[in-house]
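What the coordinates show
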Amino acid sequence: MAIKNVTILGSGLMGNGLAQVFAMDPNTTVILRSRSIKEAPLKPVQDNLKLLVEKEALTKAEADAILSRISFTDDLEASLKEADLIVECVVEDMEIKQNLFRDIEPLCKADAIFATNTSVMSITEIAKKTKDKSRVIGTHFWNPPFLIPLVEVVKGDETSMEVMDETYDYLKKIGKKPVKCMKDVPGFIANRLQHAIWREALSIVENGIADAPTVDEALRYGPGLRWPILGILENADMIGLDLSYNIQNYIVKYLEDAHEPSKLLKSLVDQGDLGFKTGKGYQEWTPEQIAASNKRLREYLIDVTKDLK
Ligand SMILES: NC(=O)c1ccc[n+]([C@@H]2O[C@H](COP(=O)([O-])OP(=O)(O)OC[C@H]3O[C@@H](n4cnc5c(N)ncnc54)[C@H](O)[C@@H]3O)[C@@H](O)[C@H]2O)c1
């Protein structure tokens, strides 16, 4: 089956972002379906496109063409009739996601693919109430999805390999960088890696080895510089697995292996220090620093993704 018609269910932050991602492909038609037509009539997509035009990542004509490929509706049945791929982007609630797939299955084509954008929940469990579980798959996009190329394509216990390959090939064709996660495990691939680093970073701060800005500097100006170009396992091959083994054999016993959230994180949350939201987290943030951080990230991502195309 060639995927041409994509329907996004849920028009919040990720739903709008995904509508834009799929509409960037000239051969895809996108329907963004909202529970209420008043909810979000593509304003976030318009804002993102404006930014890309300002940064010369897109021409105005390309941005207009992208917008023209997206329609917005609250009519569930009509939004699903022609859909080859349905991506649900509704709230992170197991029962709501299970019931949604159960309810839409009779309204969809027999070979339609049901993808969930869940951040952490089990694909197998989300598919529990769907009759044909072979067509339920995880497609974990990262925010902002129009700038982050990665999509984790996650196999539930009963997802067919045909559906895995079709979804992966389509995402690749439309310019994303999909990876296959072959087991339905919490955190899939990239969040497991990210959380392993977060656990160690917090442990370093908690144990007085370095403060939070220093931890960030050590990553930003050290290993972080290599990561976009040199994978960490490729790096191990580069230095030699004999050396890699000796280092791991020495260090692994000293690393953080807590099975509970960090005490430091818990105490900051308890005292209401939530980061950018409150102006204080692991460090203090002025409104100017917050705006600069958000701007720096967007501009950096626009620059690096321009080169990825
Ligand atoms: N925000 C992120 O950074 C991010 C990243 C990756 C994946 N995700 C995942 O994407 C999904 C959507 O996240 P978001 O950040 O766009 O959330 P959001 O709150 O911005 O949007 C949620 C959408 O779900 C709809 N909704 C709420 N209750 C519903 C119900 N009972 N039935 C049907 N629709 C309902 C809302 O109307 C809204 O359109 C979640 O599963 C989330 O875990 C989020």
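Computed from a prediction, not measured in an experiment: that's the story for all the values here. (Residues numbered from 1 in each chain as written. Predicted model: local features only at pLDDT ≥ 70, side-chain atom pairs only at ≥ 80, totals over all residues. Heavy atoms only, no water.)

Looking at the overall build of the protein chain
Within the protein chain, the regular secondary structure consists of 14 helices and eight strands. Here the C-alpha radius of gyration of the protein chain, 21 Å, is about what a compact globule of 309 residues would show, namely 19 Å. Each principal axis of the C-alpha distribution contributes one length, and for the protein chain these read about 60 × 45 × 40 Å. Buried positions account for 39% of the 309 residues belonging to the protein chain. Taking the intrachain contacts of the protein chain between residues at least 6 apart in sequence as the baseline, contacts between residues at least 24 apart amount to 68%. Of the roughly 17800 Å² of accessible surface on the protein chain, 57% is carried by carbon and sulfur atoms. (Helix = DSSP H or I, 4+ residues; strand = E, 2+ residues; numbered from the N terminus. Rg over C-alpha atoms; globule rule 2.2 N^0.38 Å. Buried < 20%, exposed > 50% of the residue type's maximum accessible area, 1.4 Å probe, protein only. Contact = heavy atoms within 4.5 Å. Areas by Shrake-Rupley, 256 points an atom, 1.4 Å probe, with all protein chains shown as cover.)

Quick word on the nonpolar core
Counting residues in each nonpolar core, the largest one holds 39 residues, and the members touching the most others are Val-6, Ile-8, Phe-22, Ile-70, Leu-85, Val-87 and Phe-141. Residue contributions to this core peak at six residues, all from helix α1 (residues 13–23). The contacts of Ile-70, once residues within four sequence positions are left out, are Ala-19, Gln-20, Ala-23, Val-30, Leu-32, Leu-42 and Val-45. With 19 residues, the next largest nonpolar core counts Leu-80, Phe-101, Cys-108 and Ile-126 among its residues. (Core = buried A, V, L, I, M, F, W, Y, C linked by side-chain atoms within 4.5 Å.)

Concerning the domain arrangement of the protein chain
Along its sequence, the protein chain is organised into domain 1 (5–181), domain 2 (189–261) and domain 3 (272–309). The C-alpha centroid of domain 2 is placed 33 Å from the C-alpha centroid of domain 1. Counting residues at the interface gives eight residues for domain 1 and four residues for domain 2. Summed over both sides, the interface between domain 1 and domain 2 buries roughly 400 Å², with carbon and sulfur atoms accounting for 62% of that surface. For the domain 1 face of the interface with domain 2, the top three residues by lost area are Trp-142, Glu-152 and Cys-181, together amounting to 70%. If you look at where domain 1 meets domain 2, you find zero salt bridges. Across the domain 1-domain 2 interface, the total number found is two residue pairs in polar contact (both at pLDDT 80 or more). Those elements giving two or more residues to the side of domain 1 that touches domain 2 turn out to be β7 (150–155) and β8 (177–181). The element that contributes the greatest number of residues to the side of domain 1 that touches domain 2 is β8, accounting for three residues. The residue makeup of the side of domain 1 that touches domain 2, split by class, is four nonpolar, two polar and two charged. (Domains from an automatic or database assignment. Buried area = accessible area lost by both parts, 1.4 Å probe. Salt bridge = Lys/Arg side-chain N within 4 Å of Asp/Glu carboxyl O. Polar contact = N/O pair within 3.5 Å; in protein donor to acceptor, adjacent residues only side chain to side chain. Nonpolar A, V, L, I, M, F, W, Y, C, P; charged D, E, K, R; others polar.)

Quick look at the pattern of salt bridges
Using the criterion set out here, one finds 14 salt bridges in the structure. The salt bridge partner of Glu-299 is Lys-55, with a shortest N-O separation of 2.8 Å. Of the two residues, Glu-299 is situated in helix α14 (residues 287–308) and Lys-55 in the loop between α2 (43–54) and α3 (60–68); the sequence distance between them amounts to 244 residues. For Glu-299, a relative accessible area of 26% gives the class partly exposed. When its relative accessible area of 30% is taken as the criterion, Lys-55 is described as partly exposed. One salt bridge in this structure joins Glu-92 and Lys-97, with 3.8 Å as the shortest N-O distance. On the accessibility criterion, Lys-97 (1% relative accessible area) is buried.

Remarks on the sheet that holds β7
Reading across the sheet, the eight strands line up as β3-β2-β1-β4-β5-β6-β7-β8 and stay open at both edges, with mixed pairing between neighbours. Both outer strands of the open sheet, β3 (70–73) and β8, are each paired with one neighbouring strand and no more. Each adjacent strand pair in this sheet contributes to an overall mean axis angle of 25 degrees, direction not counted. One ladder, built from five bridges, connects β7 with β8; its direction is parallel. By the bridge assignment for β8, Val-154 is matched with Cys-181. Contacting β1 (5–9), β2 (29–33), β3, β4 (85–88) and β6 (136–141), α1 crosses the sheet at an angle of about 170 degrees to β2. (Pairing = 2+ DSSP bridges. Axes fitted to C-alpha atoms, helices over the stretch in contact; angles between N-to-C directions.)

Remarks on the packing of helix α11 (residues 232–239) against helix α12 (residues 241–251)
Closest axis-to-axis distance for the α11/α12 pair is 6 Å, and the angle between their directions is 110 degrees. Taken together, the axes of α11 and α12 are roughly perpendicular relative to one another. Mapping the contact onto sequence places Ala-236, Asp-237 and Ile-239 in α11 and Leu-241, Leu-243 and Ser-244 in α12. Of the residues assigned to the contact of α11 with α12, the class counts are four nonpolar, one polar and one charged. (Parallel < 35°, antiparallel > 145°, perpendicular 65-115°, else oblique.)

Remarks on the environment of Asn-235
Mapping Asn-235 onto the fold places it in helix α11. For Asn-235, a relative accessible area of 14% gives the class buried. Leave out the neighbours within four places in its chain, and Asn-235 touches Arg-226 and Leu-230.

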